[in-house]
Every structure is written in C-alpha cells, then in structure tokens.
Amino acid sequence: MIALMVLVWTVNFVAGKIALQHLTVFALTPFRLELAVAVMALIYFFAPGRAEARARLRWSLRGADVKRFAALGILGVVINQGGFTVGLAYTTVSHSAIILSLAPVTVLLMARWAGLEKISTVKAIGVGICVAGAAVLASESWVGFGAGTWKGDAITFVSVLGYAAYAVIAKP
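Keep in mind that what you see is a predicted model, and the values were worked out from it rather than measured.

A.B. asks: Looking at this structure, I do not really get the overall build of the chain. What am I missing?
C.D. replies: A count of helical and extended segments in the chain gives eight helices and zero strands. Mapped in sequence order, the helices and strands of the chain form the string α-α-α-α-α-α-α-α. Here the chain holds 172 residues, and 28% of them are scored as buried. Excluding contacts between residues fewer than 6 apart, the proportion of contacts in the chain whose partners are at least 24 apart in sequence is 81%.

Here it is in structure tokens:
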C-alpha cells in the first residue's frame, strides 16, 4: 500500500502538469477533488468493518467537530490542494516537487510552535537532511529558482503551509 501511495504521489506532479495543458486550473482542481472523494467513498463504504465506525461517527459528531472539519477542509482542500494545482500552473514540476519535499519540516516546525511536538536530536537531524537535500536539488543549474517561476513557487509554498496547518490541527 505504501508503494502505491509513493507511486501516486510521484506521478501526481507530472500528471498535473500535463492535465494543465488541457484544462484550466479551475477545472482541474475540482476534478482532482471529485476523484479523491469517489475513491475515498469507495474505501469508506466497502472496506471491511466500516459499518460499526460509521454508526459511531453518526452519533458522536458535535458542533465543535463540524467547525474543526470546516477548518480542515479549507486548509487541506482549498489552500493545500488548490494551492498545489494553481502553483503547478506557474512553476515547474521540479520546483513543485522540491518545495513540497519541505512539508515534513514545515509540519514539525509548526507542531513545535503550537506546543504539540518537541524537536529531538533525531528529528533535528531529519530536518537537516531534508533541508540539505532540497538545497542540493535547488542548487542544480537546471532547477534554478528565478523570476519566471517565483509566483508558482510562492503559491506552492503557501500550499505547504496549508498542509502543515492541516496536519497540526488534525492531530488528536
């Protein structure tokens, strides 16, 4: 399952860029979301053991949960997924991949700022490796960040911030 997830994640950048040659950002973004909803609905309704989980959810949803879900929807769907697609329209696949590779670092730093995580030595080393890897990739001459892609790069980074906030708020 993890290998499938990595494959889908990897193909996502190139497939998105190709799709943007045929669709507008405002057509592709909802299409991606509708496709995700269809896949998740199939898993939700047909996965073994889901009937009991659905029954518990139906009776335990509170007003505070609805507000949290709304915030998560805005952060995870509008800012993260929408920002990814819009950013990809204005930058390169390689820039998008490099910027999104910083998501784990951003999540850790935001969780630390919110008081939910402590940055241990191992985590600090992981952050260093991630940042160093992104810096090495970005320093390659074929990936130079410049005036032609700054708008897409900035939008993509905002999508990373949206994802990080989503991950922190979603943490139980």
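A.B. asks: I'm lost on the side chain of T106 in this one. Help?
C.D. replies: Position of T106 among the secondary structure elements: in helix α6 (residues 103-113). Its relative accessible area of 11% is what places T106 among the buried residues. In contact with T106, other than residues within four places in its own chain, are V160, L161 and A164.

A.B. asks: Got a minute to help me understand α6 in this structure?
C.D. replies: Helical geometry note: an α-helix holds 3.6 residues per turn, so side chains three or four residues apart project in the same direction. For α6, the complete set of buried residues consists of A103, V105, T106, V107, L108 and A111. Just downstream of α6, G115 is the residue with a positive phi angle, here 80°.

A.B. asks: For this particular structure, what's the right way to read the layout of surface pockets?
C.D. replies: The gaps of empty space that remain are located by a probe, the size of a water molecule, rolled over the atoms. Put simply, the largest pocket is a space of about 1,800 Å³. Only α1 (2-19), α2 (25-46), α4 (63-90), α6 and α8 (150-170) provide two or more residues apiece to the lining of the largest pocket. Here the lining of the largest pocket gets eleven residues from one element, more than from any other, and that element is α2. Classifying every residue of the lining of the largest pocket gives 30 nonpolar, seven polar and one charged.

A.B. asks: Sorry, what's going on with the packing of aromatic side chains here?
C.D. replies: For the structure on display, the rule yields one aromatic pair. Geometrically, the ring pair formed by F13 and F84 is edge-to-face, given 5.7 Å between the ring centres and 70° between the ring planes. Linking F13 in helix α1 with F84 in helix α4, this pair joins segments that are 71 residues apart in sequence. This pair shows no difference in class: F13 is buried, exactly as F84 is. Above the face of the Y90 ring, K151 is positioned so that its terminal group lies 4.4 Å from the ring centre.

A.B. asks: Is there a simple way to explain the nonpolar core in this structure?
C.D. replies: One broad trend across soluble globular proteins is that nonpolar side chains are buried collectively. With eleven residues, the main nonpolar core is built from F13, A19, L20, V25, L28, F84, L88, I99, L100, A103 and V160. At the level of elements, α1, α2, α4 and α5 (93-100) are the ones that each hand at least two residues to this core. Other than its neighbours up to four places away in sequence, F84 contacts N12, F13, R32, I79, S96, L100 and S159.

A.B. asks: Mind showing me how you'd approach the packing of α5 against α8 here?
C.D. replies: As a packed pair, α5 and α8 sit with axes 9 Å apart at the nearest point and diverge in direction by 30°. By the angle between their axes, α5 is roughly parallel relative to α8. The interaxial crossing formed by α5 with α8 has right-handed handedness. Listed contacts from α8 to H95, S96, I99 and L100 of α5 are D153, T156, F157, S159 and V160.

A.B. asks: Would you mind showing me how to read the side chain of T85 here?
C.D. replies: With respect to the helices, strands and loops of the structure, T85 is situated in helix α4. Not counting the four nearest positions on each side in its chain, T85 is found in contact with L20, V25, L28, T29 and R32.

A.B. asks: Just checking my understanding: could you explain a nonpolar patch on the surface for this structure?
C.D. replies: Residues L4, L7, V8 and V11 make up a contiguous nonpolar surface patch of roughly 360 Å² in combined accessible area. Looking at where L7 falls in the secondary structure, it is placed in helix α1.

Rules of the game
Residues numbered from 1 in each chain as written. Predicted model: local features only at pLDDT ≥ 70, side-chain atom pairs only at ≥ 80, totals over all residues. Heavy atoms only, no water. Helix = DSSP H or I, 4+ residues; strand = E, 2+ residues; numbered from the N terminus. Buried < 20%, exposed > 50% of the residue type's maximum accessible area, 1.4 Å probe, protein only. Contact = heavy atoms within 4.5 Å. 1 Å grid on protein atoms, 1.4 Å probe; cavity = no way out; pocket = protein on both sides within 12 Å on 5 of 7 lines; lining within 4 Å. Points joined across faces, edges and corners; volume = space filled by probe spheres on them. Nonpolar A, V, L, I, M, F, W, Y, C, P; charged D, E, K, R; others polar. Phe/Tyr/Trp six-rings, centres within 6.5 Å; stacked < 30°, edge-to-face > 60°. Lys NZ or Arg CZ within 6 Å of the ring centre and 35° of its normal. Core = buried A, V, L, I, M, F, W, Y, C linked by side-chain atoms within 4.5 Å. Axes fitted to C-alpha atoms, helices over the stretch in contact; angles between N-to-C directions. Parallel < 35°, antiparallel > 145°, perpendicular 65-115°, else oblique. Left-handed = near helix turned anticlockwise from the far one by under 90°. Patch = residues over 30% accessible without salt bridge, like charges linked within 9 Å, V, L, I, M, F, W, Y side chains within 5 Å. Areas by Shrake-Rupley, 256 points an atom, 1.4 Å probe, with all protein chains shown as cover. Salt bridge = Lys/Arg side-chain N within 4 Å of Asp/Glu carboxyl O.

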